[in-house]
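These are the residues of each chain, in order.
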Amino acid sequence: MEIVRSIADMQTRAEGLRREGKSIGIVPTMGFLHDGHLSLIARARKETNVVVTTLFVNPAQFGLNEDLEQYPRDPVRDEKLAAEAGTDILFMPETRDMYPEGYRTYVVTEELAGILEGKIRPTHFRGVTTVVMKLFQIVKPHTAVFGQKDAQQAAIIRQMIRDLNLDVRLIVAPIVREADGLAMSSRNIYLNPDERKSAVALWKSLRFAKDAIGRGERSIVVLRSGMEVMLQEARASSIDYIAFVHPNTFREIDEIGPPEVLIALAVRFGRTRLLDNAIVSVPAEATS
Ligand code: PAF
């Protein structure tokens, strides 16, 4: 695995690969890799000739009171894991090169960037779309692989690709879970042992909603309050949202209907804020 730190070198490398007719896959990450990231790299490995994993803790997507300095980092371990998972090039730019003095240009996906996560973290998605756009310009990928774990992020990237006519194929790969169902996340490391046990309620509450929908429950009020009770019983410190949205557009829906609904939630256990979601199939009502 090759490590590239300079933006100009990465662009030259990408141009060369494209001239050779190689398809380039990008897996953008902020590092501290876990099995979820490794599954994205493995997917890119299957779909493209050259896999570029990017490792950059992007300051633009952290709010003023968020954990940029505390964000977990372990570049040496990341290098090893990225290589083992099938990365060809690990792109690790410096913040001063990505956002030099006088940097002023941002990409904003309107509406979608202002709901749910965007309401709570108003500048977050502006930072994500900006850095992803920059990474696309630098790595020149044919295919980009993102995780379903950050479902709103994936929907926003889909919208950005469409709106800006980017010639990039988007693959959204499934969530990877721990054995007890907790979705893998770099932030899980902040949970103390009690919180870690409690946090499995995220997945359990999604399973509860899924089963209830399977049994014919169609009321969002009933589903949401059942999920809230489960999360409260698990001593969640706060529930930021439990949202029922359209899986592609991420817009909130008024009623549960076929073919699918995406249930997304953001919940705090102690000081750690965790996201999870599930796409649930909704069978068409039998007509008599
Ligand atoms: O999902 C993440 O880790 C980040 O939001 C991303 C896509 C790498 C952009 O910094």
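Residues numbered from 1 in each chain as written. Predicted model: local features only at pLDDT ≥ 70, side-chain atom pairs only at ≥ 80, totals over all residues. Heavy atoms only, no water.

**Points about the sheet that holds strand β7 (residues 238-245)**
Read across the open sheet, the three strands follow the order β7-β8-β9; overall the sheet is antiparallel. A single partner strand is all that each edge strand has here, and the edge strands are β7 and β9 (272-281). Recorded for the sheet is a direction-independent mean angle of 10° between the axes of neighbouring strands. Looking at chain direction, β7 and strand β8 (residues 260-269) are connected through seven bridges and run antiparallel. (Pairing = 2+ DSSP bridges. Helix = DSSP H or I, 4+ residues; strand = E, 2+ residues; numbered from the N terminus. Axes fitted to C-alpha atoms, helices over the stretch in contact; angles between N-to-C directions.)

**Quick look at the packing of helix α6 (residues 124-139) against helix α7 (residues 151-163)**
Packing of α6 against α7 brings their axes to within 11 Å, and their N-to-C directions diverge by 55°. With respect to α7, the axis of α6 lies oblique. Relative to α7, α6 is oriented so that their crossing is right-handed. Contacts between α6 and α7 involve F125, V128, T129, V132, M133 and F136 from the first element and Q152, Q153, I156, I157, M160 and I161 from the second. Class assignment of the residues belonging to the contact of α6 with α7 gives a composition of nine nonpolar, three polar and no charged. (Parallel < 35°, antiparallel > 145°, perpendicular 65-115°, else oblique. Left-handed = near helix turned anticlockwise from the far one by under 90°. Contact = heavy atoms within 4.5 Å. Nonpolar A, V, L, I, M, F, W, Y, C, P; charged D, E, K, R; others polar.)

**So, the side chain of T87**
You can see T87 is positioned in the loop between α3 (75-85) and β4 (89-91). Taking relative accessible area as the criterion, T87 reaches 5% and is therefore assigned buried. There is a polar contact of 2.8 Å between the side chain of T87 and the backbone oxygen of A82. (Buried < 20%, exposed > 50% of the residue type's maximum accessible area, 1.4 Å probe, protein only. Polar contact = N/O pair within 3.5 Å; in protein donor to acceptor, adjacent residues only side chain to side chain.)

**A look at the site of the ligand**
Lining the immediate surroundings of the ligand are P28, T29, M30, N58, Q61, V128, V131, F146, D150 and Q153. Interatomic distance of 2.6 Å between a side-chain N/O atom of Q61 and an oxygen atom of the ligand. Measuring from an oxygen atom of the ligand, one finds a side-chain N or O atom of Q153 at 2.7 Å. In isolation the ligand offers 280 Å² of accessible surface; the protein chains occlude 89% of this area. Only β2 (24-29) and α6 provide two or more residues apiece to the shell around the ligand. Counted by class, the shell around the ligand contains five nonpolar, four polar and one charged residues. (Near = heavy atom within 4 Å. Areas by Shrake-Rupley, 256 points an atom, 1.4 Å probe, with all protein chains shown as cover.)

Scope: geometric values only; no functional claims are made or implied.
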